[in-house]
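Structural overview
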Amino acid sequence: MPDPSTTFAVLLERPDACDARVLARALAQVRKTPLQDQLMVAKSSWGIIAEKLGENEAGDLAAGLKSAGLSVVVFPAAELAVLPAADGVRDFQSLTAALPDIVAAAAIKITTTTTQTVKEGPNAAAKIASVGLFMATGIPIRIGGKEKEVTKTKQGSELVFYLDLYSMAARKRLRVNAGDFNYSYLKERKTYQVMGNFKLLLGDVIAKAPDAWKNQGTRILMSGQPLVTMGYASLVDFERESRWLLSLREKSGKV
């Protein structure tokens, strides 16, 4: 594994400029490859374009991307932020005890698989037919086979909303799982749906910390854009974006 003290990363320099298509076009121009070849790379970068590069390689990539019109910065790998462990929070008072420097929200589709063993046998029509044959012939003839145990696998998915608040001075990260939060503080504003309550909560947090940086998910949710445009495939994407934003914020010295 490369030594972090001698490797470098190339990051997008503006915290509000994580546009995968713009980045893909720039990468395609620099690497002289078709746009489609760089689109997946760009979509999974979340602001951290490349890591574990030699100093010359990182410098060349940064120079090429700047020539293509992107604002980028080279970071020594050792200076990239490490995310604090997430502390789960369920009430508004605990969530806003310290003003956050970064407000990061995301809607992520979580897929679950359950396996169940059930007993299957003849259906109602088969049972009736079996009784009819017995009455007609006096011979017990079973239609539909015997009862047997069958293992069935079922997949389900749900959209889960997360909110991470980063406090740089305290080196803390508070996390809200929208489905496990006490929204009673909303009082008469409280709605009957999780997304509506979560959006109100997010707005209240932003109102208390107007100078906090906002991630892509926060901006999309608060502007009413389609949730699918967030682009987070998993918590890995969400946390990579936060790592990028935290690195930039720490570098800027805005604590």
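Everything that follows concerns the structure shown earlier in this document.
In short, a report on the structure. Every chain is numbered on its own, with residues counted from 1 as its sequence reads. With the structure being a predicted model, the display of local features is reserved for residues of pLDDT at least 70 and the display and counting of side-chain atom pairs for 80 or more, all residues being used for whole-chain, interface and lining totals. The side-chain values count all of the structure's non-hydrogen atoms but skip hydrogen atoms and water molecules.

**Brief notes about the overall build of the chain**
We count it as follows: The secondary structure listing takes helices from DSSP runs of H or I that are at least 4 residues long and strands from runs of E that are at least 2 residues long, numbered from the N terminus. Exposure categories follow from relative accessible area, calculated using a 1.4 Å probe and restricted to protein chains: below 20% of the type maximum is buried, above 50% is exposed, and the middle band is partly exposed. Any pair of residues with heavy atoms lying within 4.5 Å of one another is described as a contacting pair.
When helices and strands are counted, the chain shows 8 helices and 8 strands. Burial status across the chain gives 38% buried among its 255 residues. Pairs at least 24 residues apart make up 74% of the contacts formed inside the chain by residues separated by at least 6 positions.

**Looking at the side chain of Arg249**
Threshold: Counting rule applied: Lys, Arg positive; Asp, Glu negative; His and chain ends not counted. Put simply, a salt bridge is a Lys or Arg side-chain nitrogen that is within 4 Å of an Asp or Glu carboxyl oxygen. A 3.5 Å cut-off defines polar contacts: any pair of N or O atoms within that distance qualifies, except that in protein one atom must be a possible hydrogen donor and the other a possible acceptor, and neighbouring residues in sequence count only when both atoms are side-chain atoms.
The topology assignment puts Arg249 in helix H8 (residues 235–252). In this structure, Arg249 is buried with no salt-bridge partner, the nearest side chain bearing the opposite charge being Asp101 at 4.0 Å. Reaching out from Arg249, the side chain makes a polar contact with the backbone oxygen of Asp211 at a distance of 3.5 Å.

**Some thoughts on helix H6 (residues 194–208)**
Spacing of three or four residues puts side chains on the same side of an α-helix, whose turn is 3.6 residues. Our working rule: By this rule the span expected of a helix is its residue count minus one, scaled by 1.5 Å.
A rise of 1.5 Å per residue sets the reference length of H6, with its 15 residues, at 21 Å; its end C-alpha atoms lie 21 Å apart and thus fit the reference within 8%. If you check which residues of H6 are buried, you get Gly196, Asn197, Phe198, Leu201, Leu202, Asp204, Val205 and Ile206.

**Focus on the packing of aromatic side chains**
As a reminder of what qualifies: For Phe, Tyr and Trp, rings pair up if their centres lie within 6.5 Å, where Trp contributes its six-membered ring, and each pair is then called stacked (planes under 30 degrees apart), edge-to-face (over 60) or tilted (otherwise).
Taken as a whole, this structure holds 5 aromatic pairs when the rule is applied. Ring geometry for Tyr232 against Phe238: centres 5.8 Å apart, planes inclined by 75°, an arrangement best described as edge-to-face. Assigned by exposure class, Tyr232 and Phe238 land together as buried. Connected via pairs of aromatic rings, a cluster forms that spans Trp46, Tyr232 and Phe238.

**A few points about the layout of surface pockets**
Threshold: A cavity, in this analysis, means grid points on a 1 Å lattice covering only the protein atoms where a 1.4 Å probe fits yet has no way out; a pocket is instead an open set bounded by protein on both sides within 12 Å along at least five of seven lines, and a residue lines either one if it has an atom within 4 Å of a point. Grid points are joined across faces, edges and corners, and a volume is the space filled by probe spheres set on the points. Only Asp, Glu, Lys and Arg are considered charged in this grouping, and only Ala, Val, Leu, Ile, Met, Phe, Trp, Tyr, Cys and Pro are considered nonpolar; every other residue, Gly among them, is considered polar.
Empty space within the second largest pocket amounts to approximately 190 Å³. Around the second largest pocket sit Cys18, Asp19, Ala20, Arg21, Ala42, Lys43, Trp46, Gln216, Val228, Thr229, Met230 and Gly231, which together line it. Broken down by secondary-structure element, the contributors of at least two residues to the lining of the second largest pocket are helix H1 (20–31) and helix H2 (35–43). The residue inventory of the lining of the second largest pocket, partitioned by class, reads 6 nonpolar, 3 polar and 3 charged.

**Considering the sheet that holds strand S2 (residues 48–53)**
Selection rule: A pair of strands counts as paired when DSSP detects no fewer than two bridges linking them. For every element, the axis is a line fit to its C-alpha atoms; helices are fit only across the contacting stretch, and the angle between N-to-C directions ranges from 0 to 180 degrees.
One open sheet holds the 3 strands; their spatial order is S2-S1-S3, and the pairing between them is antiparallel. For this open sheet the edge positions go to S2 and strand S3 (72–76), each flanked by a neighbour on one side alone. Put simply, the sheet's adjacent strands are angled 20° from each other on average, direction ignored.

**Some remarks on the environment of Thr229**
Within the fold, Thr229 resides in the loop between helix H7 (216–223) and H8. Look at Thr229 and you get partly exposed, because its relative accessible area is 39%. Distance in space between the C-alpha atoms of Thr229 and Gln216 is 9.4 Å, their sequence separation being 13 residues. Excluding residues within four positions of it along the chain, Thr229 makes contact with Gln216 and Ile220. Among the polar contacts listed, one links the side chain of Thr229 to the backbone oxygen of Pro226, at a separation of 2.5 Å.

**Some words on unusual backbone geometry**
At Trp46, a residue that is not glycine, the phi angle is positive and equals roughly 50°. Along the chain, the position of Trp46 falls in the loop between H2 and S2. By relative accessible area, Trp46 is classed as buried at 4%. We note that Lys187 has phi near 55°; this positive angle belongs to a residue other than glycine.

**Some remarks on the pattern of salt bridges**
As a working rule, side chains carrying opposite charge can pair if their charged atoms are close by. According to the stated counting rule, one finds 12 salt bridges in the structure shown. Of the charged contacts, one joins Glu239 and Arg175 as a salt bridge, the two residues approaching to 3.0 Å between their closest N and O atoms. With Glu239 in helix H8 and Arg175 in strand S7 (residues 172–177), this pair connects stretches of sequence that are 64 residues apart. Of the residues examined, Glu239 reaches a relative accessible area of 25% and is grouped as partly exposed. The class of Arg175 is buried, set by a relative accessible area of 15%. One network of salt bridges, in which partners are shared, links Asp164, Arg173, Arg175 and Glu239.

These results come straight from atomic positions and should not be treated as a statement about function.
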